[in-house]
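Spelled out from the first residue to the last, the chains are:
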Amino acid sequence: MTRTIDVFRGFETGAIQNDQVFRSMSPQDALVEITHSSICGSDKFYLWSPQVLGHESVGIVGIKRGGLGSAAVWDAKALVPIPDKLSSVEAAPLMCSRATAWTVLTKYGINPGHRVGILGIGGLGHMAIKLAAAMGYHVIALSGSGSKREDCMSFGAKELYVASADETRGDYLHRVLEYLLELKTVLYIDMEPLDHLLLCGSVSIDYKFVFSTMATHGTIYPLTVSLAPVPIPMTLMIDNGLRLQGSLVASSHEISEMLQFCAKNDLVSVIERFPLFNEGVQEAIQALNTQSIRYKAVISTQG
């Protein structure tokens, strides 16, 4: 059986194109009618390729790789049921962003009471705060401005610090000498060191600053994608026994566990809704590029 599916693709100009794909179904496949698809920060890297966009989608089986479209064909064994307590519009943003944070927060020895920093309070970061707080970790939010302070505290953060040049300490001459002599970085933020730090921002990372926030033997988790090479100050990393830990996106089983945890603890994302047609998709991607979404965009065929 072959199905015709309406999709949204990237294009070499960066514009989003409507298209159709044809998918043959085997006995072990399921056709999922897409009802909601959330926009992920990594989607912007595929706008200039012909790939079908989207990977945070939920839908209804019976009438899921590209999620921005009318439907998708998936191996039925890979599908994850949504708990009854979560609506589809609440579940869609959990499929990648919260699953990415879930893997880190459950697999690498973080314990209740540990100081867990979240750098970058956007679609991924605000979800990471909610998860980490619900797990009993002492959550510290690091943001580029103080405008999200009330939000971060409502999400479960215990502390918030502004990570910008205006908030640095140490005079200019001290920092120049420090650089020339290749000494350790003085703290740019006056806070107790972090045991763990999740990098959730969408901009390039200053690892000299990041390392300065960490406790000895602390672990840093880069969770967002950068296409540019990133310099790592190895001396600072070695002298403080720090670790950079990569993390795979959660498996289907782990996503199921995460969804059940979110349903049990009433953890849902802060979203803005967009309609599932060309103009709505374009508007959502534009909002992503200009960082004007607060905090996740969900494209929906329903209200």
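As a starting point, this report considers the structure included with it. (Residues numbered from 1 in each chain as written. Predicted model: local features only at pLDDT ≥ 70, side-chain atom pairs only at ≥ 80, totals over all residues. Heavy atoms only, no water.)

Overview of the sheet that holds strand β6 (residues 115–119)
Right, on to step 1. Read across the open sheet, the six strands follow the order β8-β7-β6-β9-β10-β11; overall the sheet is parallel. Each edge of the open sheet carries a strand with a single partner, namely β8 (159–162) and β11 (243–244).
Right, on to step 2. Judged from the two bridges that link them, strand β10 (residues 214–222) and β11 form a sheet pairing that is parallel. Bridge pairing links Thr219 to Arg243 in β11. (Pairing = 2+ DSSP bridges. Helix = DSSP H or I, 4+ residues; strand = E, 2+ residues; numbered from the N terminus.)

Considerations on the side chain of Thr213
Right, on to step 1. With respect to the element layout, Thr213 can be found in the loop between α6 (207–212) and β10.
Right, on to step 2. Using a relative accessible area of 1% as the deciding quantity, one classes Thr213 as buried.
Right, on to step 3. Side-chain polar atoms of Thr213 contact the backbone oxygen of Val210, separated by 2.7 Å. (Buried < 20%, exposed > 50% of the residue type's maximum accessible area, 1.4 Å probe, protein only. Polar contact = N/O pair within 3.5 Å; in protein donor to acceptor, adjacent residues only side chain to side chain.)

Some points on the packing of aromatic side chains
Right, on to step 1. Applying the stated criterion across every chain, the model contains four aromatic pairs.
Right, on to step 2. Measuring from ring centre to ring centre gives 5.5 Å for Phe155 and Tyr295, while their planes differ by 75°; the resulting arrangement is edge-to-face. One end of the pair, Phe155, is in helix α4 (residues 149–155); the other, Tyr295, is in the loop between α9 (278–289) and β13 (296–300), and 140 residues separate them in sequence. Summarising the burial analysis for this pair, Phe155 and Tyr295 share the class buried. (Phe/Tyr/Trp six-rings, centres within 6.5 Å; stacked < 30°, edge-to-face > 60°.)

It is worth stressing that arrangement in space is one thing and function is another; only the former is reported here.
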